Amino acid sequence: MNASLIKRPSAWLPIAFSLAALVVVLCSVAIFGVVHETDEGAAAHIFQLLMTAQLPVMAFFALKWLFRDPRQGLLVLALQIGAALAAMAPVYFFKL
């Protein structure tokens, strides 16, 4: 992988958002357990904000780098999507 491409903020920022969302979910489950409440808590709102905030950054990255360097751009985009799916996996698994 082109090391200079992953160093771009538009490449690593969505990955960082996904990892932060994953940490929020895992910490919430570790502290409070799997709780099914009618009202969403702060952790759910933070998760939603982090996951939504990364979409424009991912779109910007895709528009900018898929035309300049398609192979490396697709690799980084796949990494970003994989990180987002990893952040959503506990929510699906625990049915939060």
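Relevant structure appears above.
Residue positions are counted from 1 within each chain, in the order its sequence is given. Local features in a predicted model are, by the rule used here, given only for residues with pLDDT of at least 70; side-chain atom pairs are given and counted only at 80 or more, and totals for whole chains, interfaces and linings are based on all residues. Hydrogens and water are ignored here; the side-chain numbers use all heavy atoms of the structure.

A. Spatial organisation of the packing of helix α3 (residues 42-68) against helix α4 (residues 70-93). Two elements in contact, α3 and α4, have axes separated by 9 Å at closest approach and are oriented at 165°. The orientation of α3 relative to α4 falls into the category roughly antiparallel. Crossing geometry of α3 relative to α4 is assigned as left-handed. Here F47, M51, Q54, M58, F61, A62, W65, L66, F67 and R68 of α3 lie close against α4, whose contacting residues are P70, G73, L74, V76, L77, Q80, I81, A84, A87, M88 and V91. Between N-to-C directions, angles span 0 to 180 degrees; the directions come from axes that are lines fitted to C-alpha atoms, helices contributing only their stretch in contact. In this text, helices come from DSSP runs of H or I with a minimum length of four residues, and strands from runs of E with a minimum of two, each type numbered from the N-terminal end. In these notes the angle categories are as follows: under 35 degrees is roughly parallel, over 145 is roughly antiparallel, 65 to 115 is roughly perpendicular, and the rest is oblique. Here a crossing is taken to be left-handed if its near helix is turned anticlockwise relative to the far helix by less than a right angle, and right-handed if that turn runs clockwise. The criterion used for residue contact is that any of the two residues' heavy atoms lie within 4.5 Å.

B. Representation of the layout of surface pockets. Each pocket or cavity is described by its volume, and for the largest pocket that value is around 490 Å³. Taken together, 19 residues line the largest pocket, and the ones lying closest to its centre are S28, V35, G41, A44 and L96. Elements with a contribution of two residues or more to the lining of the largest pocket: α2 (9-32) and α3. Classification used: nonpolar for Ala, Val, Leu, Ile, Met, Phe, Trp, Tyr, Cys and Pro, charged for Asp, Glu, Lys and Arg, polar for all others including Gly. For the lining of the largest pocket, the per-class residue count stands at 11 nonpolar, 5 polar and 3 charged. The pocket and cavity definitions rest on a 1 Å grid over protein atoms only: a 1.4 Å probe that fits but cannot leave marks a cavity, an open set with protein on both sides within 12 Å along at least five of seven lines marks a pocket, and residues lining either have an atom within 4 Å of a point. Grid points are joined across faces, edges and corners, and a volume is the space filled by probe spheres set on the points.

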